[in-house]
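Fold and geometry: a report
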Amino acid sequence: MTLQETNFFKEFCNTANNMYQHGWDERNGGNITLLLDKKEIEAVSDVTKVKRSIPMIFDASELAGEYFLVTGSGKYFKNIKEAPEKNIGLIRVQENGKNIDLLWGLEDGAVPTSELPSHFMSHIARLKVDDKHRVVMHCHATHFLAMTFTHDLSERELTRTLWQMCTECLVVFPEGVSVIPWMVPGTNQIGEATAEKMADTRLIVWPFHGVYGTGRDLDETFGLIETAEKAAEVYTFVQAQGGVKQCITDQDLLDLADAFGVTPKAGYLN
Ligand code: 13P
Ligand code: ZN
(Lines give C-alpha, C1' and ligand atoms only; values in the text may rest on other atoms or scores of the structure.)
(Ligands and ions follow the chains in the order given, each with its own letter.)
Protein backbone atom coordinates (compact mmCIF):
# COMPACT_ATOMS: atom_id res chain seq x y z
CA MET A 1 0.00 0.00 0.00
CA THR A 2 1.24 3.51 -0.77
CA LEU A 3 0.83 6.61 1.35
CA GLN A 4 -1.86 7.92 -1.02
CA GLU A 5 -3.85 4.69 -0.64
CA THR A 6 -4.12 4.90 3.15
CA ASN A 7 -7.41 5.86 4.75
CA PHE A 8 -5.84 8.69 6.73
CA PHE A 9 -4.39 10.27 3.56
CA LYS A 10 -7.71 10.04 1.70
CA GLU A 11 -9.57 11.38 4.72
CA PHE A 12 -7.15 14.30 4.99
CA CYS A 13 -7.75 15.30 1.35
CA ASN A 14 -11.52 14.79 1.63
CA THR A 15 -11.68 16.86 4.80
CA ALA A 16 -9.76 19.72 3.17
CA ASN A 17 -12.17 19.51 0.24
CA ASN A 18 -15.20 19.58 2.56
CA MET A 19 -13.81 22.62 4.34
CA TYR A 20 -13.38 24.35 0.98
CA GLN A 21 -16.93 23.38 -0.07
CA HIS A 22 -18.25 24.96 3.13
CA GLY A 23 -16.56 28.23 2.20
CA TRP A 24 -14.29 28.17 5.22
CA ASP A 25 -11.04 28.14 3.23
CA GLU A 26 -10.96 30.72 0.50
CA ARG A 27 -7.70 30.84 -1.48
CA ASN A 28 -5.01 29.50 0.92
CA GLY A 29 -7.03 30.37 4.04
CA GLY A 30 -6.79 27.72 6.74
CA ASN A 31 -4.45 24.85 7.48
CA ILE A 32 -4.55 21.30 8.87
CA THR A 33 -1.97 19.15 10.64
CA LEU A 34 -2.56 15.48 11.46
CA LEU A 35 -0.28 13.64 13.89
CA LEU A 36 0.39 10.17 12.48
CA ASP A 37 0.98 6.79 14.00
CA LYS A 38 4.70 6.01 13.56
CA LYS A 39 4.25 2.33 12.75
CA GLU A 40 1.46 3.07 10.28
CA ILE A 41 3.51 5.64 8.37
CA GLU A 42 6.74 3.65 8.41
CA ALA A 43 4.82 0.75 6.78
CA VAL A 44 3.78 2.80 3.75
CA SER A 45 6.60 5.31 3.28
CA ASP A 46 10.39 5.15 2.98
CA VAL A 47 11.16 7.41 5.91
CA THR A 48 14.92 7.17 5.39
CA LYS A 49 14.69 9.34 2.25
CA VAL A 50 14.56 13.02 3.23
CA LYS A 51 13.65 15.31 0.30
CA ARG A 52 14.52 18.55 2.07
CA SER A 53 15.10 19.95 5.54
CA ILE A 54 13.09 23.05 6.43
CA PRO A 55 13.91 25.41 9.36
CA MET A 56 11.28 26.59 11.82
CA ILE A 57 10.90 29.61 14.13
CA PHE A 58 9.78 27.39 17.01
CA ASP A 59 11.62 24.69 18.93
CA ALA A 60 9.35 21.65 18.64
CA SER A 61 11.71 19.20 20.35
CA GLU A 62 8.78 17.91 22.43
CA LEU A 63 7.52 16.46 19.12
CA ALA A 64 10.92 15.16 17.93
CA GLY A 65 10.59 12.13 15.67
CA GLU A 66 6.84 12.60 15.17
CA TYR A 67 5.28 12.46 11.70
CA PHE A 68 2.56 14.81 10.44
CA LEU A 69 0.53 15.35 7.31
CA VAL A 70 0.41 19.13 6.80
CA THR A 71 -1.11 21.58 4.36
CA GLY A 72 1.31 23.81 2.45
CA SER A 73 1.73 27.53 2.99
CA GLY A 74 -0.01 29.61 0.34
CA LYS A 75 -1.59 26.47 -1.12
CA TYR A 76 -5.24 26.55 -2.12
CA PHE A 77 -7.58 24.17 -0.29
CA LYS A 78 -9.55 23.99 -3.55
CA ASN A 79 -6.62 22.11 -5.15
CA ILE A 80 -5.63 19.66 -2.40
CA LYS A 81 -7.80 16.75 -3.53
CA GLU A 82 -6.75 17.04 -7.20
CA ALA A 83 -3.02 17.50 -6.60
CA PRO A 84 -2.07 16.49 -3.04
CA GLU A 85 1.63 16.09 -3.91
CA LYS A 86 1.88 19.83 -4.62
CA ASN A 87 -0.34 21.11 -1.81
CA ILE A 88 0.28 18.92 1.23
CA GLY A 89 3.30 17.14 2.68
CA LEU A 90 4.50 14.39 4.98
CA ILE A 91 6.98 15.78 7.50
CA ARG A 92 8.95 14.61 10.54
CA VAL A 93 10.27 16.80 13.35
CA GLN A 94 14.06 16.51 13.66
CA GLU A 95 15.67 15.63 16.99
CA ASN A 96 16.84 19.24 17.49
CA GLY A 97 13.20 20.41 17.19
CA LYS A 98 14.26 23.37 15.04
CA ASN A 99 14.03 21.75 11.63
CA ILE A 100 11.63 19.45 9.92
CA ASP A 101 12.35 16.76 7.34
CA LEU A 102 10.15 16.72 4.27
CA LEU A 103 9.55 13.09 3.29
CA TRP A 104 6.81 13.36 0.67
CA GLY A 105 4.85 16.04 -1.22
CA LEU A 106 5.13 19.86 -1.10
CA GLU A 107 6.62 19.64 -4.57
CA ASP A 108 8.20 22.60 -6.39
CA GLY A 109 9.81 24.03 -3.25
CA ALA A 110 6.59 24.44 -1.27
CA VAL A 111 6.79 24.68 2.54
CA PRO A 112 4.41 23.71 5.38
CA THR A 113 1.77 26.17 6.56
CA SER A 114 3.04 29.38 8.11
CA GLU A 115 0.92 28.37 11.11
CA LEU A 116 3.10 25.30 11.79
CA PRO A 117 4.55 26.77 15.04
CA SER A 118 1.00 27.52 16.31
CA HIS A 119 -0.16 24.04 15.29
CA PHE A 120 2.81 22.38 17.01
CA MET A 121 2.24 24.40 20.20
CA SER A 122 -1.43 23.37 20.16
CA HIS A 123 -0.53 19.70 19.55
CA ILE A 124 1.85 19.81 22.53
CA ALA A 125 -0.80 21.44 24.75
CA ARG A 126 -3.57 19.02 23.78
CA LEU A 127 -1.37 15.91 24.08
CA LYS A 128 -0.70 16.93 27.70
CA VAL A 129 -4.43 16.63 28.49
CA ASP A 130 -5.48 13.94 25.98
CA ASP A 131 -3.10 11.24 24.73
CA LYS A 132 -5.56 10.40 21.92
CA HIS A 133 -5.37 13.93 20.48
CA ARG A 134 -4.25 14.01 16.79
CA VAL A 135 -5.61 16.97 14.79
CA VAL A 136 -5.24 20.76 14.66
CA MET A 137 -7.46 22.54 12.14
CA HIS A 138 -7.59 26.25 11.39
CA CYS A 139 -10.12 27.84 9.05
CA HIS A 140 -12.06 31.02 8.35
CA ALA A 141 -15.54 29.69 9.22
CA THR A 142 -17.72 32.46 7.82
CA HIS A 143 -20.50 33.06 10.34
CA PHE A 144 -18.32 32.39 13.33
CA LEU A 145 -15.80 34.91 12.01
CA ALA A 146 -18.62 37.41 11.36
CA MET A 147 -19.84 37.05 14.95
CA THR A 148 -16.51 38.35 16.25
CA PHE A 149 -17.46 41.76 14.81
CA THR A 150 -20.93 41.96 16.34
CA HIS A 151 -21.01 39.81 19.49
CA ASP A 152 -19.56 40.36 22.95
CA LEU A 153 -16.14 38.69 22.88
CA SER A 154 -16.24 37.46 26.47
CA GLU A 155 -15.72 33.68 26.40
CA ARG A 156 -18.71 33.14 28.67
CA GLU A 157 -21.12 35.27 26.63
CA LEU A 158 -19.96 33.91 23.27
CA THR A 159 -20.21 30.32 24.52
CA ARG A 160 -23.66 30.88 26.02
CA THR A 161 -24.99 32.31 22.74
CA LEU A 162 -23.63 29.36 20.75
CA TRP A 163 -25.07 26.85 23.24
CA GLN A 164 -28.46 28.58 22.93
CA MET A 165 -28.53 28.56 19.11
CA CYS A 166 -28.55 24.77 18.57
CA THR A 167 -29.47 22.12 21.14
CA GLU A 168 -26.47 19.96 20.13
CA CYS A 169 -23.83 22.60 20.92
CA LEU A 170 -23.59 22.03 24.66
CA VAL A 171 -23.15 18.31 24.06
CA VAL A 172 -20.44 18.82 21.41
CA PHE A 173 -18.42 21.48 23.27
CA PRO A 174 -19.42 21.49 26.96
CA GLU A 175 -16.09 23.13 27.85
CA GLY A 176 -17.11 26.19 25.77
CA VAL A 177 -15.07 28.22 23.33
CA SER A 178 -12.02 30.36 24.10
CA VAL A 179 -11.10 33.73 22.65
CA ILE A 180 -7.68 35.36 22.25
CA PRO A 181 -7.02 39.00 21.30
CA TRP A 182 -6.36 39.88 17.65
CA MET A 183 -2.72 39.10 16.81
CA VAL A 184 -0.52 38.75 13.74
CA PRO A 185 -0.87 35.19 12.38
CA GLY A 186 2.17 32.96 11.88
CA THR A 187 3.97 34.33 14.96
CA ASN A 188 5.07 32.45 18.06
CA GLN A 189 2.98 34.90 20.13
CA ILE A 190 -0.34 33.89 18.57
CA GLY A 191 0.70 30.24 18.87
CA GLU A 192 1.48 30.63 22.57
CA ALA A 193 -1.79 32.47 23.30
CA THR A 194 -3.75 29.78 21.44
CA ALA A 195 -1.93 26.86 23.06
CA GLU A 196 -2.49 28.32 26.52
CA LYS A 197 -6.25 28.13 25.90
CA MET A 198 -5.89 24.59 24.54
CA ALA A 199 -5.26 23.33 28.08
CA ASP A 200 -9.02 23.29 28.68
CA THR A 201 -10.79 24.04 25.38
CA ARG A 202 -10.65 22.49 21.90
CA LEU A 203 -12.09 25.48 20.05
CA ILE A 204 -10.33 28.86 20.05
CA VAL A 205 -11.65 31.93 18.26
CA TRP A 206 -9.23 34.30 16.59
CA PRO A 207 -11.26 37.54 16.33
CA PHE A 208 -11.61 38.99 12.81
CA HIS A 209 -9.71 35.98 11.44
CA GLY A 210 -11.10 32.50 12.12
CA VAL A 211 -11.04 29.52 14.45
CA TYR A 212 -8.65 26.84 15.70
CA GLY A 213 -10.18 23.44 16.42
CA THR A 214 -8.54 20.28 17.74
CA GLY A 215 -9.60 16.69 18.15
CA ARG A 216 -8.82 12.99 18.13
CA ASP A 217 -9.49 12.55 14.43
CA LEU A 218 -10.33 14.59 11.34
CA ASP A 219 -14.08 13.89 11.49
CA GLU A 220 -14.36 14.86 15.13
CA THR A 221 -12.42 18.10 14.60
CA PHE A 222 -14.33 19.00 11.45
CA GLY A 223 -17.59 18.23 13.32
CA LEU A 224 -16.60 20.47 16.22
CA ILE A 225 -16.01 23.45 13.94
CA GLU A 226 -19.06 22.57 11.85
CA THR A 227 -21.31 22.57 14.94
CA ALA A 228 -20.05 25.94 16.22
CA GLU A 229 -20.25 27.40 12.71
CA LYS A 230 -23.83 26.15 12.33
CA ALA A 231 -24.77 27.83 15.63
CA ALA A 232 -23.12 31.04 14.40
CA GLU A 233 -25.10 30.78 11.16
CA VAL A 234 -28.35 30.34 13.09
CA TYR A 235 -27.38 33.35 15.22
CA THR A 236 -26.89 35.36 12.02
CA PHE A 237 -30.39 34.40 10.79
CA VAL A 238 -31.92 35.06 14.20
CA GLN A 239 -30.39 38.55 14.27
CA ALA A 240 -31.54 39.20 10.69
CA GLN A 241 -35.08 38.06 11.61
CA GLY A 242 -35.25 40.65 14.37
CA GLY A 243 -33.56 38.99 17.34
CA VAL A 244 -34.40 36.40 19.97
CA LYS A 245 -38.04 36.17 21.14
CA GLN A 246 -37.67 32.88 23.05
CA CYS A 247 -34.74 30.62 23.71
CA ILE A 248 -33.38 27.48 25.39
CA THR A 249 -33.20 28.37 29.10
CA ASP A 250 -30.30 27.71 31.44
CA GLN A 251 -32.43 25.07 33.17
CA ASP A 252 -33.01 23.40 29.76
CA LEU A 253 -29.24 23.37 29.20
CA LEU A 254 -28.65 21.87 32.65
CA ASP A 255 -31.23 19.16 31.91
CA LEU A 256 -29.55 18.52 28.56
CA ALA A 257 -26.12 18.20 30.17
CA ASP A 258 -27.57 15.79 32.69
CA ALA A 259 -29.24 13.65 30.01
CA PHE A 260 -26.09 13.46 27.87
CA GLY A 261 -23.65 13.09 30.76
CA VAL A 262 -21.57 16.19 29.96
CA THR A 263 -20.30 18.83 32.36
CA PRO A 264 -20.86 22.44 31.22
CA LYS A 265 -17.97 24.81 31.88
CA ALA A 266 -18.32 25.93 35.51
CA GLY A 267 -19.92 29.35 35.93
CA TYR A 268 -21.30 29.56 32.37
CA LEU A 269 -24.89 28.63 33.32
CA ASN A 270 -26.99 30.50 35.86
P1 13P B 1 -0.96 29.33 5.20
O2 13P B 1 -1.29 29.42 3.73
O3 13P B 1 0.49 29.65 5.45
O4 13P B 1 -1.40 28.00 5.78
O5 13P B 1 -1.78 30.46 5.96
C6 13P B 1 -3.18 30.53 5.82
C7 13P B 1 -3.85 31.15 6.98
O8 13P B 1 -5.04 30.97 7.15
C9 13P B 1 -3.09 31.97 7.93
O10 13P B 1 -3.81 32.26 9.07
ZN1 ZN C 1 -6.06 32.02 8.77
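The preceding data block contains the structure.
Residues numbered from 1 in each chain as written. Chains lettered and ligands numbered in written order. Predicted model: local features only at pLDDT ≥ 70, side-chain atom pairs only at ≥ 80, totals over all residues. Heavy atoms only, no water.

**Section: the pairing of strand β3 (residues 67-71)**
Formally: Only protein chains enter the accessibility calculation, which uses a 1.4 Å probe; a residue whose area is less than 20% of its type maximum is buried, one above 50% is exposed, and one in between is partly exposed. Helix and strand definitions here come from DSSP, where helices need a minimum of 4 consecutive H or I residues and strands a minimum of 2 consecutive E residues; each element is numbered from the N-terminal end. When DSSP locates at least two bridges between a pair of strands, those strands are taken to pair.
Of all 5 residues making up β3, 5 are buried, and the element is well covered by its neighbours. Alternating residues of β3 divide into Tyr67, Leu69 and Thr71 and Phe68 and Val70, and every residue in both groups is buried. Bridge count between strand β1 (residues 31-35) and β3: 3 bridges; the pairing is antiparallel. Looking across to β3, one finds that Leu34 is bridged to Leu69. Of the strand pairs in this sheet, β3 and strand β4 (residues 88-93) are connected by 5 bridges, and their pairing is antiparallel.

**Re the coordination of the zinc ion (ligand 2)**
We count it as follows: Metal donors were taken as nitrogen, oxygen and sulfur atoms no farther than 2.8 Å from the ion, or 3.2 Å where the ion is Na, K or Ca. Water is excluded, so coordination may look unfinished.
Around the zinc ion (ligand 2), the protein contributes the donor atoms His138 (NE2), His140 (NE2) and His209 (NE2), which lie 2.1 Å from the metal centre. Sequence spacing of the donor residues for the zinc ion (ligand 2), all on one chain, is H-x1-H-x68-H.

**Focus: a nonpolar patch on the surface**
Rule in force here: For patch detection, residues must exceed 30% relative accessible area and be free of salt bridges, and they are connected within 9 Å for like charges or within 5 Å for nonpolar side chains (Val, Leu, Ile, Met, Phe, Trp, Tyr). Working definition of accessibility: Shrake-Rupley area with a 1.4 Å probe, residue cover restricted to the visible protein chains. The salt bridge definition used is simple: a Lys or Arg side-chain nitrogen within 4 Å of an Asp or Glu carboxyl oxygen.
Judged by side-chain polarity, Phe149, Trp182, Val184 and Phe208 come together as a nonpolar surface patch covering roughly 460 Å² of accessible area. Positionally, Phe208 belongs in the loop between β8 (203-206) and β9 (210-215).

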